[in-house]
Amino acid sequence: RCVRCKLVWYCSKECQKEDFDGHKGYCKKIGKLEASTQRESAALCSTTDHIFSAHAVPQNLFETAAGDFWGIIVTRDYMRARMALADEVYHLAYEIETKESWECALNHSLELLRLCISDNLGIRYRLPFILLYLNRDDE
């Protein structure tokens with residue numbers, strides 16, 4: 001299994017070394033996007049900015065503002081970073097076609113929809129394809 005992205009499985013070290021040139025681009029990009037998403041998440045957890053009039057930003061926006069993230073300006077950098085990560089994982093899943101990669105793409109997509117019900121980033125258009133790849137079209 002790839003230690004960095006944890007999305008690609010190999011039968012042996014030799015197979016992993018053989019595939020490294022093809023995989024390293026995705027892997028490095030996913031690593032950078034995960035780090036960016038974590039930085040933005042940490043920034044949101046520590047923010048005390050005021051938003052709408054005199055209301056202070058709650059400490060845990062991921063729970064208290066779920067569904068309305070895009071309406072809160074300070075969350076947009078996080079949403080964009082998470083969308084970029086979801087997009088890259090989707091492309092990797094399409095390339096390697098493993099259940100783990102499709103599940104990861106689904107989890108990122110569902111989390112984006114949980115945080116922003118209005119789906120300002122358009123993840124809803126990709127979600128049916130992910131569910132079809134996972135043979136979960138009844139959902």
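Residues numbered from 1 in each chain as written. Predicted model: local features only at pLDDT ≥ 70, side-chain atom pairs only at ≥ 80, totals over all residues. Heavy atoms only, no water.

Undergrad: Mind showing me how you'd approach the nonpolar core here?
TA: Proteins that are soluble and globular tend to have nonpolar side chains buried together. If you look at the biggest cluster of nonpolar residues, it comprises 21 residues, and the most contacted ones within it are Cys 5, Leu 7, Ile 30, Val 89 and Ile 130. When residues of this core are traced back to their parent elements, those giving at least two are helix 1 (13-46), helix 3 (76-96), helix 4 (99-115) and helix 5 (127-133). In terms of residue count, the dominant contributor to this core is helix 3 (five residues). Core analysis: the next-biggest nonpolar cluster, separate from the first, contains 15 residues, Leu 44, Ala 65, Ile 72 and Met 83 among them. (Core = buried A, V, L, I, M, F, W, Y, C linked by side-chain atoms within 4.5 Å. Buried < 20%, exposed > 50% of the residue type's maximum accessible area, 1.4 Å probe, protein only. Helix = DSSP H or I, 4+ residues; strand = E, 2+ residues; numbered from the N terminus.)

Undergrad: What should I look at first to understand helix 1 in this one?
TA: Side chains three or four residues apart in an α-helix point the same way, a direct result of the helix having 3.6 residues per turn. Under the 1.5 Å per step criterion, the end-to-end length of helix 1 is only 41 Å for 34 residues, more than 12% shorter than the ideal 50 Å. Of the residues making up helix 1, those classed as buried are His 23, Cys 27, Ile 30, Leu 33, Ser 36, Thr 37 and Leu 44. For helix 1, the secondary structure elements touched by its buried residues are helix 2 (61-64) and helix 3. (Expected span 1.5 Å × (residues − 1). Contact = heavy atoms within 4.5 Å.)

Undergrad: Please clarify how unusual backbone geometry should be interpreted in this entry.
TA: In this structure, Glu 97 takes a positive phi of about 55° despite not being glycine. Take Glu 97: it is sitting in the loop between helix 3 and helix 4. You can call Glu 97 exposed: its relative accessible area is 56%. Of note, Asn 135 is a non-glycine position whose phi angle comes to about 60°, a positive value. Relative to the assigned elements, Asn 135 resides in the segment after helix 5.

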